[in-house]
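# Secondary and tertiary structure notes
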Protein chains: 2
Amino acid sequence: MKYFLRFTGIYLLVGMTIGSSFAQYSIEQWGRFELSLQHHAKVNAFTDVLLKATFVHKDTSYTVTGFYDGNDTFRVRFMPTKTGVWHFTTQSNAAELNQKKGSFTCTEASLHNYGMVKVANQYNFSYANGKPYFPLGTTAYSWTNMAEGVQEQTLASLQQTGFNKLRMGVFPKNYDLVKEEPRIYPYELKEVRKDANGKEQKVWDYTKFNPLFFQQLEKRIDQLQAIGIEADLILFHPYDKGRWGFDAMPMEANLRYIAYLTARLSAFRNVWWSLANEYDYVVSKTESDWHTLTKAVVQNDPYRHLCSIHGSTAHYFDYWIPEITHVSVQDEAPVMNWGAATIARNIYHKPVIYDEVGYEGNLKQRWGRYSGEEMNHLIWMGIIGGTYVTHGEAYLFKDQRDTIFWAKGGTFKGTSWKRIGFLRKILEELQHPIEPADVSRDYQTATNGKGVYLVYLGKEVTNKWLFNLPHKNANFDRPKKGNRYKVEIIDTWNMSVASVPTTFELADVNDYRLYDKDLNYVRLPLKPYLALRITEKHE
Amino acid sequence: MKYFLRFTGIYLLVGMTIGSSFAQYSIEQWGRFELSLQHHAKVNAFTDVLLKATFVHKDTSYTVTGFYDGNDTFRVRFMPTKTGVWHFTTQSNAAELNQKKGSFTCTEASLHNYGMVKVANQYNFSYANGKPYFPLGTTAYSWTNMAEGVQEQTLASLQQTGFNKLRMGVFPKNYDLVKEEPRIYPYELKEVRKDANGKEQKVWDYTKFNPLFFQQLEKRIDQLQAIGIEADLILFHPYDKGRWGFDAMPMEANLRYIAYLTARLSAFRNVWWSLANEYDYVVSKTESDWHTLTKAVVQNDPYRHLCSIHGSTAHYFDYWIPEITHVSVQDEAPVMNWGAATIARNIYHKPVIYDEVGYEGNLKQRWGRYSGEEMNHLIWMGIIGGTYVTHGEAYLFKDQRDTIFWAKGGTFKGTSWKRIGFLRKILEELQHPIEPADVSRDYQTATNGKGVYLVYLGKEVTNKWLFNLPHKNANFDRPKKGNRYKVEIIDTWNMSVASVPTTFELADVNDYRLYDKDLNYVRLPLKPYLALRITEKHE
């Protein structure tokens, strides 16, 4: 018998009999092990052939689902979460696929492999290896359904940025300014009908997936991984409007799609599940359907990737249910107003990402015409409140065929994207996530709990800032008289950091605040969008 | 046998044998029927005598719990929710209390009896008879534990105001500026011990309530009802600190207390259950304990009175659980910043009351030193966001024995309380509750969906306002070209309403807004805290 092993990004054809000889192969932690088995099914290979495999490492075991990948090829993918030897056994209703056994060695992760991103510290994220992850994403809803050249361009564009997350859909998008017909489809075409008006309507066989479509998607997700970007994968969306019908499949087709997608993609360490974009605009599904679909994703995902769902403006799902790992919500109000971003954080006790607060762009729609300054400002407003905000860009310079990054990818034409890279550097230097130091009272001061504060001044333009800190310091030790601090002025727009020569020393608490003992102030340039980084000095 | 019937506020001694002769007595809808039975228990009458009664009206039935009220008297209280004849039967493990039967006629409610307040229209409230209820409350945590004279003064003060809700505790309060020893206690005193430092420590018998304490509380609740005030009754609080120990009773005593209190008070139509004030500061109870206690209240309350729980600043309980009817939260940020109040409303899909955003007062603590203007402003900020905000007052002019309304009641010394009465009039004139017309985009304009808008200008001081409305109108019909409106300028601080002579007529939609066809504006006085009432004209 012939079978194949595929490691992350590397395809290996291995000809041997199934057996212990697998042990000679190694794969790194959070990498992807792939077992490839040949079987010619007489039935529908997508729906009627069941294939699972159990992977065991001492007292840890995972049972993962395999899938049919076309050409008589079945695959089982697995992401080892621990180093050492893993043994596996397959189970199938097809004799040729059943009871295949083997093992492999999982080695230490390589330099830029930090593992899967997960919730850390209740309100934030880290990679599986403990490295903090600050989500700074952008949006390209349908980039993998664009022409090949645009897709390549998108990757090249992303690589120049500091983005580490991309909101992207599986299904193609039919919307104002996005009318491209995809090159390939997720399902096998059954027939093309004409409706009453003579308009062609594709009819799909929802029991037969098109493996090429998914292979293409996977290639792109792997390419994102290679440049350090998490794929915040949107499983459903309402932007179809009768064109292909993927927003209105029967519930059993939705569930089959989830089972297939999760079988293919759960072993990709950089995948997040976003059940939908603007879920409440999907007219064919009820709130209860979304609960069912969310549960299906979680049940089918042995690793428990990050999972959320996104609604229309100010439409909050029941994010408190245990299947939802973090809030991914469309809402402007929380980042347009001081102190408001933190409210959802306080309510859900989960990380909050404002995943659509509008786009930098030049569209006539109000959601697509922020200046670069405004986009950058809104992201900082979220950050200073202990939450995260996703970037997006919607510039249209030519005709409707122009690539707007928001939906198509292509190239960045705006000005805020560069500032996000700068912000990411600032956040990573903090090492620990920040949160409001004096919640509901001081809307500008965030603390990392380790002696570093960020103060964001927003649109305020003033020539000086009286040095002072709140006495409250979230749940961390409070600042004390005699503490000494250095201050740096961060120009979030011009991307500069300037040290202030003065060392500030705290006097006693005075009405909930601690001021410098000599009431020293920080002289500021007369510019908006400044932040201060205040770091305790121990020397 | 002798037994007693007590109607709301009226005590009747009825000497007759149990039987159908009850039918001659009548009680109004949402009034209080009380059956009084004599029995000399040889056991602990509070814990070992079980008494229930089932009240039946055609296909409606309620089983309510009776309670021991001292002096060999057991009572069963019932609030009839429908007019017509109700029949009842008691069940008890004491033969003398068992199988007592009777009936009474429930008549139409009298003029100022609108029934129990309940959630209406998802985000708001109404009385049982359908009359909208806009909660505009104040706070007097421990007023019923003050000297009699202060209690009488409190009632007299409240009667002069427009308040229709009062946050008030059952247990006495031990806190800075509130050190009064109550005249009576909720439990029977077992002994007075001296601790290691020689300090006296009262030891209570948590199996024996003091009926006098509860009778006194009930008298005050009935007096509030008589002046149209809902009692937002706080069952637990942390302000005890070892003085009486009511914040740290064993869990079985907490549950017995809830059973006793709900048996006594559920038939009071103006009672709301607030499980706690600043629940997370009660060190003896876990989050899970609070869930248990909340469930206990709801299970013991046959009418499902409004029920919530209140935490410390920005501390949000799991308000999404079905037992919680509305959000009652302490948080300043949502009402200090535009657009922020609405976020919790969007998240919970329940009515939201910001029940402690600080107090008008002159204390040195930051929570107790708002100006009257600020207190009034914060309440309007909540209102314009489709939520509600509770007033409170904390003025201390003499020494610590001075009555601060916040905890003790007494007299109002501030300036905002009058404005709340004015606001109540404005809201009641709207007839329908308001909500943001263009959520997350326009933070100043609220709609009642029936052609009336309120626009709150807050601290802005400007001489004119260009007439315009958002095209969005929540989920109501959108305003259209040709619609005509009158405008009134509401000075929320000076409590005046001035009509603007111009009739404004809408032009077509222009970038999400509709302006007057001649771009007419409203001339404004140069004052802060203005609102506009914009009413569609149909003549």
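Before any of the text, the structure's been laid out above.
Residues numbered from 1 in each chain as written. Chains lettered and ligands numbered in written order. Predicted model: local features only at pLDDT ≥ 70, side-chain atom pairs only at ≥ 80, totals over all residues. Heavy atoms only, no water.

Bringing the packing of aromatic side chains into the picture now. A complete count under the given rule lists 117 aromatic pairs over all chains for this structure. Taking 5.0 Å as the distance between ring centres and 75° as the angle between the ring planes, the aromatic pair formed by F46 of chain A and Y68 of chain A counts as edge-to-face. Linking F46 of chain A in the loop between β4 (33-38) and β5 (51-57) with Y68 of chain A in strand β7 (residues 67-68), this pair joins segments that are 22 residues apart in sequence. Under the relative-accessibility criterion, Y68 of chain A is labelled buried at 13%. Its end group placed over the ring of Y512 of chain A, R366 of chain B keeps NZ or CZ at 4.2 Å from the ring centre. Taking the ring centre of W493 of chain B as reference, the NZ or CZ of R419 of chain B above it sits at 3.7 Å. (Phe/Tyr/Trp six-rings, centres within 6.5 Å; stacked < 30°, edge-to-face > 60°. Helix = DSSP H or I, 4+ residues; strand = E, 2+ residues; numbered from the N terminus. Buried < 20%, exposed > 50% of the residue type's maximum accessible area, 1.4 Å probe, protein only. Lys NZ or Arg CZ within 6 Å of the ring centre and 35° of its normal.)

Many authors give the size of an interface as the accessible area that is lost as the parts come together. With 33 residues of chain B in contact, the opposing surface of chain A contributes 33 residues. Overall, the association of chain B and chain A removes approximately 3000 Å² of surface from exposure, summing both partners, and the carbon and sulfur fraction of that is 53%. In this structure, D438 of chain B and R366 of chain A form a salt bridge, with 2.7 Å as the shortest nitrogen-oxygen distance. Applying the counting criterion to the chain B and chain A interface returns 14 residue pairs in polar contact (both at pLDDT 80 or more). Elements supplying a minimum of two residues to the side of chain B that touches chain A: α5 (333-336) and α6 (341-348) of chain B. (Contact = heavy atoms within 4.5 Å. Buried area = accessible area lost by both parts, 1.4 Å probe. Salt bridge = Lys/Arg side-chain N within 4 Å of Asp/Glu carboxyl O. Polar contact = N/O pair within 3.5 Å; in protein donor to acceptor, adjacent residues only side chain to side chain.)

Here we take up the pairing of strand β18 (residues 230-236) of chain B. Residues and elements named next belong to chain B. Most of β18 is tucked away, with 7 of its 7 residues classed as buried. Taken together, the 5 bridges between strand β15 (residues 165-169) and β18 define a ladder with parallel strand orientation. Bridged to K165 within β18 is E230. Strand direction decides the pairing type here: β18 and strand β19 (residues 271-276), joined by 5 bridges, are parallel. Following the sheet pairing, L233 is matched in β19 by W273. Following the backbone out of β18, through helix α3 (residues 251-265) and into the adjacent parallel β19, one traces a crossover that is right-handed. (Pairing = 2+ DSSP bridges. Right-handed = clockwise from strand over helix to strand, strands pointing away.)

There is about 1200 Å³ of room inside the largest pocket. Taken together, 49 residues line the largest pocket, and the ones lying closest to its centre are V439 and K472 of chain A together with Y281, S312 and T313 of chain B. Breaking the lining of the largest pocket down by element, the ones donating at least two residues are α6 (341-348) and β26 (435-436) of chain A. In terms of residue class, the lining of the largest pocket is made up of 19 nonpolar, 15 polar and 15 charged. The calculated volume of the second largest pocket comes to roughly 1000 Å³. Forming the boundary of the second largest pocket are 37 residues, of which Y281, S312 and T313 of chain A together with V439 and K472 of chain B lie nearest the centre. Counting only elements with at least two residues in the lining of the second largest pocket, the list comes to α6 and β26 (435-436) of chain B. For the lining of the second largest pocket, the leading source of residues is α6 of chain B, giving 3 residues. In terms of residue class, the lining of the second largest pocket is made up of 15 nonpolar, 9 polar and 13 charged. (1 Å grid on protein atoms, 1.4 Å probe; cavity = no way out; pocket = protein on both sides within 12 Å on 5 of 7 lines; lining within 4 Å. Points joined across faces, edges and corners; volume = space filled by probe spheres on them. Nonpolar A, V, L, I, M, F, W, Y, C, P; charged D, E, K, R; others polar.)

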